[in-house]
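Read off the chains here:
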Number of protein chains: 2
Amino acid sequence: MESRIDRIKKQLHSQSYKLTPQREATVRVLLENEEDHLSAEDVYLLVKEKAPEIGLATVYRTLELLTELKVVDKINFGDGVSRYDLRTEGADHFHHHLVCIECGAVDEIQEDLLGDVEKVVEEGWNFKIKDHRLTFHGICHRCHPKDHKESEGSEE
Amino acid sequence: MESRIDRIKKQLHSQSYKLTPQREATVRVLLENEEDHLSAEDVYLLVKEKAPEIGLATVYRTLELLTELKVVDKINFGDGVSRYDLRTEGADHFHHHLVCIECGAVDEIQEDLLGDVEKVVEEGWNFKIKDHRLTFHGICHRCHPKDHKESEGSEE
DNA sequence: CTATTTTTTTATAATAAGTTTAAATCGTTA
DNA sequence: TAACGATTTAAACTTATTATAAAAAAATAG
């Protein structure tokens with residue numbers, strides 16, 4: 001974990017930003033809750049436990065900065081709030097999401113899956129893809145019993 | 001176009017809602033701007049031209065209703081507003097979007113493309129897919145000149 | 001037909017997410 | 001130490017969306 005913070009620190013420095021205590025506390029919260037999809041408000045409340053004096057605006061600014069640096073991805077599942085999701089280190093593509101319409105759980109798919117589709121789109125539509133968002137809405141394995149085989153953990 | 005309105009009317013009636021003049025005006029705006037991705041505010045301004053006495057809240061309520069009925073899809077491209085997109089009649093899947101990070105244009109992909117991916121997800125993650133959202137962010141054919149072949153129109 | 005109930009709309013107020021601003025702070029450099 | 005730039009805080013402000021109360025319209029009962 002320290003090494004990841006170090007790398008983020010270097011990334012900030014390379015753009016002449018500093019890793020202030022507030023920013024570090026925010027990054028730590030994101031790392032400690034990597035499985036979740038926290039809103040700015042969620043992050044704010046968690047950061048406050050470490051750094052009670054921090055302001056909400058600072059959290060917003062930090063998240064914005066981290067989004068610019070591609071450390072996190074800002075995502076939106078259609079409820080009114082933006083959520084922030086740590087980009088998996090080394091991954092060249094943004095992971096996908098499974099949103100359960102029964103229980104609200106959000107699971108992640110790290111596998112690419114879109115390689116072929118992207119090729120088709122780039123060639124067929126003459127569009128240079130830089131990023132993507134893929135979310136499936138449906139019923140998760142916890143909410144319907146007819147299983148195949150299992151392994152995942154549960155969230156939210 | 002009249003026939004589509006008729007069908008929407010029947011859909012409303014089947015859930016014991018009425019196609020009031022305000023709702024009809026709103027639906028007409030959506031049909032007349034099928035290519036675009038209008039925000040509630042956009043719809044409101046366009047509807048006002050036909051029905052100047054309509055209130056913004058009514059437009060919001062109508063769009064919400066149409067979303068419930070799956071006549072439109074509520075989408076979100078990450079700017080702060082929700083946009084409303086007529087569901088292509090007869091299509092069993094929601095179409096995809098290409099958002100240009102240079103010029104902001106939003107193009108649509110009507111082709112499915114996700115059939116195989118969905119099969120993999122349903123089986124591998126034991127998740128019953130009901131809907132999906134797929135958006136590519138990148139550079140559209142208008143913003144980079146190296147063409148292959150062309151046909152699309154332009155929007156926004 | 002009139003009275004009554006239900007649905008919908010209007011206008012306005014309220015809420016909630018996110019952004020901006022001005023003043024204070026902090027770290028660094030001259 | 002003085003001065004500068006970057007950052008943070010707190011508070012005010014915007015903007016999108018939702019809720020509420022009163023009015024209007026439509027459907028239904030008598």
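Residues numbered from 1 in each chain as written. Chains lettered and ligands numbered in written order. Predicted model: local features only at pLDDT ≥ 70, side-chain atom pairs only at ≥ 80, totals over all residues. Heavy atoms only, no water.

- An unreviewed UniProt entry lists chain A under the name Transcriptional repressor, from Fictibacillus barbaricus.
- Here is the UniProt Sequence similarities (unreviewed entry) comment for chain A, exactly as written: "Belongs to the Fur family." (UniProt positions renumbered as here; feature names shortened; annotations may be inferred.)

1. Re the sheet that holds strand β1 (residues 38-39) of chain A
Residues and elements named next belong to chain A.
And then number 1: Reading across from one edge, β1-β3-β2 is the order of the three strands in this open sheet, with antiparallel pairing throughout. Each edge of the open sheet is held by one strand with a lone partner, namely β1 and β2 (72-76).
And then number 2: One ladder, built from two bridges, connects β1 with strand β3 (residues 82-86); its direction is antiparallel. Of the residues in β3, the one forming a bridge with L38 is Y84. (Pairing = 2+ DSSP bridges. Helix = DSSP H or I, 4+ residues; strand = E, 2+ residues; numbered from the N terminus.)

2. Some thoughts on the protein's contact with DNA strand D
And then number 1: Around DNA strand D, 17 residues are found, and the nearest of them are T20, Q22, T58 and R61 of chain A together with Y60 of chain B.
And then number 2: Taking all atoms of DNA strand D within 4 Å of the protein, the share assigned to sugar and phosphate is 72%.
And then number 3: A distance of 3.1 Å separates a phosphate oxygen of DNA strand D from a polar backbone atom of G55 of chain A.
And then number 4: Contact between DNA strand D and Y60 of chain B: a phosphate oxygen at 2.6 Å from a side-chain N or O atom of the residue.
And then number 5: When contributions to the surface near DNA strand D are tallied by element, the ones reaching two or more residues are α2 (21-32) and α4 (56-68) of chain A together with α4 (56-68) of chain B.
And then number 6: Counted by class, the surface near DNA strand D contains seven nonpolar, six polar and four charged residues. (Near = heavy atom within 4 Å. Polar contact = N/O pair within 3.5 Å; in protein donor to acceptor, adjacent residues only side chain to side chain. Nonpolar A, V, L, I, M, F, W, Y, C, P; charged D, E, K, R; others polar.)

3. Topic: unusual backbone geometry
And then number 1: Phi angles above zero are rare outside glycine, and K70 of chain A is one such case at about 65°.
And then number 2: Residue position: K70 of chain A is located in the loop between α4 and β2.
And then number 3: Assessed through its relative accessible area of 45%, K70 of chain A is described here as partly exposed.
And then number 4: Of note in the backbone geometry, S16 of chain B takes a positive phi value of approximately 50° without being a glycine.
And then number 5: Inspection of the secondary structure assignment puts S16 of chain B in the loop between α1 (2-14) and α2 (21-32).
And then number 6: A relative accessible area of 65% means that S16 of chain B is categorised as exposed. (Buried < 20%, exposed > 50% of the residue type's maximum accessible area, 1.4 Å probe, protein only.)

4. Comments concerning the packing of α2 of chain B against helix α3 (residues 40-50) of chain B
Residues and elements named next belong to chain B.
And then number 1: The N-to-C vectors of α2 and α3 enclose an angle of 115°; their axes lie 9 Å apart at closest approach. When the axis of α2 is compared with that of α3, the two are roughly perpendicular. With respect to the hand of their crossing, α2 and α3 are arranged in right-handed fashion. Judged by residue contacts, A25, T26, R28, V29, L30 and E32 of α2 engage V43, L46, V47 and K50 from α3. (Axes fitted to C-alpha atoms, helices over the stretch in contact; angles between N-to-C directions. Parallel < 35°, antiparallel > 145°, perpendicular 65-115°, else oblique. Left-handed = near helix turned anticlockwise from the far one by under 90°. Contact = heavy atoms within 4.5 Å.)

5. Re the relation of the copies chain B and chain A
And then number 1: With an RMSD of 0.1 Å, chain B superimposes on chain A once it is rotated by 180° and translated 0.1 Å along the axis. Both copies are brought into coincidence by an operation consistent with a two-fold rotation axis. Closest approach to the rotation axis within chain B is made by the C-alpha atom of L134 of chain B, at a distance of 2.2 Å.
And then number 2: Both copies contact each other with a shared surface, as 100% of the interface residues of chain B are interface residues in chain A too. (Least-squares fit on C-alpha atoms with pLDDT ≥ 70 in both.)

6. Quick notes on the layout of surface pockets
A probe as big as a water molecule, rolled over the atoms, marks out the empty space that is left.
And then number 1: The volume enclosed by the largest pocket comes to roughly 1,400 Å³.
And then number 2: Lining the largest pocket are 47 residues, and of these N76 and G78 of chain A together with I75, N76 and F77 of chain B lie nearest its centre.
And then number 3: Elements supplying a minimum of two residues to the lining of the largest pocket: β2 and β6 (128-139) of chain A together with α4, β2 (72-76), β4 (96-100) and β6 (128-139) of chain B. (1 Å grid on protein atoms, 1.4 Å probe; cavity = no way out; pocket = protein on both sides within 12 Å on 5 of 7 lines; lining within 4 Å. Points joined across faces, edges and corners; volume = space filled by probe spheres on them.)

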